[in-house]
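One letter stands for each residue in the lines below.
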Amino acid sequence: LCENVIQELVNYLDASAGGIFLMNTRDEESRFEMISSYAFDRKKYLQKSYLPGEGLVGTCAIEQDKIFLTDIPDDYLNISSGFGESKPGCLLLVPLLLEDVTLGVIEIASLKNLASHEIEFVHNLAESIASAVSAVQMNMRTAQLLEQSQQQAREMAKQEDIMRQNMEELQTTQEESARRESEISGILNGIN
């Protein structure tokens, strides 16, 4: 989902590169990890995760507001092509907010400056993206819980089968014991 979204968004805006960072809460430390990117040169883009408040991605997430920069540091990002390299003309970071919770951040780099209506478009689109991401995450969690429940049901069925076998063996043992007791009773009566 994120790969398709960022690819379409970068192409629609005629931007140079884009990435989506989503909050990963599975580890001890919650981090915003790059889930998908489009046109980022992986060799130059070394940092793929940020703590809340760390870097522009973490700052955007904490402040829950867009960041639009036109003065990009020289060492932040270079956009490469077959003809050479250039630093982007602008950088846009927009938080993916759902009910005042930051699920992630969209980062767009463009050689040309983005118009105000394009920035507003990305800002408005971010809410829909956050909603879709949340739905996918809930579906994945539901599927995981369903699988876990099915695994537990299989384990319980195994245990139930073992218990049934044990009960059958116990019943057979009790029947054998009752038969022996009856024989011993018969012998003792015969001796008396």
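Whatever comes next refers back to the structure up there.
Treat the numbers as computed from the prediction; the structure is a model and nothing was measured. (Residues numbered from 1 in each chain as written. Predicted model: local features only at pLDDT ≥ 70, side-chain atom pairs only at ≥ 80, totals over all residues. Heavy atoms only, no water.)

Some details on a nonpolar patch on the surface
Turning to step 1, where the next piece is worked out: A surface patch of nonpolar side chains, amounting to about 430 Å² of accessible area, comprises I184, I187, L188 and I191.
Turning to step 2, where the next piece is worked out: In this structure I191 comes out as exposed when scored by relative accessible area, which is 64%. (Patch = residues over 30% accessible without salt bridge, like charges linked within 9 Å, V, L, I, M, F, W, Y side chains within 5 Å. Areas by Shrake-Rupley, 256 points an atom, 1.4 Å probe, with all protein chains shown as cover. Salt bridge = Lys/Arg side-chain N within 4 Å of Asp/Glu carboxyl O. Buried < 20%, exposed > 50% of the residue type's maximum accessible area, 1.4 Å probe, protein only.)

A few points about the packing of helix 1 (residues 2–13) against helix 3 (residues 116–191)
Turning to step 1, where the next piece is worked out: Relative orientation of the contacting elements helix 1 and helix 3 amounts to 170 degrees, with a least axis distance of 12 Å. As far as their axial angle goes, helix 3 and helix 1 are roughly antiparallel. Packed against helix 1, whose contacting residues are C2, V5, L9, Y12 and L13, the element helix 3 presents E118, F121, V122, L125, I129 and V133 at the interface.
Turning to step 2, where the next piece is worked out: Along the lines of polarity and charge, the residues of the contact of helix 1 with helix 3 split into 10 nonpolar, no polar and one charged. (Axes fitted to C-alpha atoms, helices over the stretch in contact; angles between N-to-C directions. Helix = DSSP H or I, 4+ residues; strand = E, 2+ residues; numbered from the N terminus. Parallel < 35°, antiparallel > 145°, perpendicular 65-115°, else oblique. Contact = heavy atoms within 4.5 Å. Nonpolar A, V, L, I, M, F, W, Y, C, P; charged D, E, K, R; others polar.)

What to know about the pattern of salt bridges
Turning to step 1, where the next piece is worked out: Going through the model one piece at a time under the given rule, you end up with seven salt bridges.
Turning to step 2, where the next piece is worked out: Salt-bridge contacts for R154 lead to E147; the nearest nitrogen and oxygen are separated by 3.1 Å.
Turning to step 3, where the next piece is worked out: As a salt-bridge pair, R164 and E168 come within 3.0 Å of each other at their nearest N and O atoms. Of this pair, R164 and E168 both sit in helix 3, four residues apart, which is roughly one turn of that helix.

Re the packing of aromatic side chains
Turning to step 1, where the next piece is worked out: Under the counting rule described, the total for this entry stands at two aromatic pairs.
Turning to step 2, where the next piece is worked out: With a centroid separation of 5.0 Å and 40 degrees between ring planes, the pair formed by Y12 and F121 is classed as tilted. Of this pair, Y12 sits in helix 1 while F121 is found in helix 3, placing the two residues 109 residues apart along the sequence.
Turning to step 3, where the next piece is worked out: In this structure F121 comes out as partly exposed when scored by relative accessible area, which is 32%.
Turning to step 4, where the next piece is worked out: For the pair F21 and Y50, a centre-to-centre distance of 5.6 Å together with 65 degrees between the ring planes defines the contact as edge-to-face. Highlighted residues: F21 in strand 1 (residues 17–24) and Y50 in strand 3 (residues 49–50), separated in sequence by 29 residues. Comparing F21 with Y50 shows no difference in burial state: the two are buried. (Phe/Tyr/Trp six-rings, centres within 6.5 Å; stacked < 30°, edge-to-face > 60°.)

It is worth stressing that arrangement in space is one thing and function is another; only the former is reported here.
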